[in-house]
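Listed below are the residues making up each chain.
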Amino acid sequence: QVQLVESGGGLVQAGGSLRLSCAASGRIFSINAMGWYRQAPGKQRELVATITSGGSTNYADSVKGRFTISRDNAKNTVYLQMNSLKPEDIAIYYCNLDSGFHEYWGQGTQVTVSS
């Protein structure tokens, strides 16, 4: 079994920054990619950013140029640096791990941006 533990969410003023972290532990045999998704109230969960084991990244258009995803393969940890935060970034942010056989999700961390 794989566990994903997120941290770093909170309340920040518009224009501010937050850094999310997600540490994976447990029976991890392989990792294709790790990433972040978010779900705003009344909306479906959407992709924010992903990063493969080789370092290739993919971002939602809405966060390009503001968010940066990175990972520490040795620690099975993925980070999301979020700059220039906007009220429309308010959501629960979920960490995702794609092992190639199964997808795992964290419990989510709340990000709130005050205008």
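Rules behind the numbers
- Residues numbered from 1 in each chain as written.
- Predicted model: local features only at pLDDT ≥ 70, side-chain atom pairs only at ≥ 80, totals over all residues.
- Heavy atoms only, no water.
- Helix = DSSP H or I, 4+ residues; strand = E, 2+ residues; numbered from the N terminus.
- Buried < 20%, exposed > 50% of the residue type's maximum accessible area, 1.4 Å probe, protein only.
- Polar contact = N/O pair within 3.5 Å; in protein donor to acceptor, adjacent residues only side chain to side chain.
- Contact = heavy atoms within 4.5 Å.
- Disulfide = S-S within 2.5 Å.

## What about the side chain of asparagine 96?
Alright, step 1. Note that asparagine 96 resides in strand β9 (residues 91-98).
Alright, step 2. Looking at asparagine 96, the relative accessible area reads 4%, which means it is buried.
Alright, step 3. Side-chain polar atoms of asparagine 96 contact the side chain of glutamate 103, separated by 2.9 Å.
Alright, step 4. If near-sequence neighbours (up to four positions away) are discounted, asparagine 96 is found in contact with Leu4, Ala33, Met34, Gly35, Tyr37, Glu103, Tyr104 and Trp105.

## Let's talk about the state of the cysteines
Chemically, a disulfide is nothing more than a covalent bond linking the sulfur atoms of two cysteines.
Alright, step 1. Tallied over the full model, the rule gives 1 disulfide.
Alright, step 2. Sulfur-sulfur distance for the disulfide between cysteine 22 and cysteine 95 comes to 2.0 Å. The disulfide joining cysteine 22 to cysteine 95 has a torsion of about -85° about its S-S bond and is therefore left-handed. Of this pair, cysteine 22 sits in strand β3 (residues 18-26) while cysteine 95 sits in strand β9, and the two are 73 residues apart along the sequence.

## A closer look at unusual backbone geometry
Alright, step 1. Its identity is not glycine, yet asparagine 76 carries a phi of approximately 50°, on the positive side.
Alright, step 2. Tracing the chain through its elements places asparagine 76 in the loop between β7 (67-72) and β8 (77-82).
Alright, step 3. What makes asparagine 76 partly exposed here is its relative accessible area of 23%.
Alright, step 4. The backbone of serine 84 shows a phi angle near 50°, a positive value even though the residue is not glycine.
Alright, step 5. Looking at the element boundaries, serine 84 is found in the loop between β8 and β9.
Alright, step 6. Overall, serine 84 belongs to the partly exposed group, its relative accessible area being 39%.

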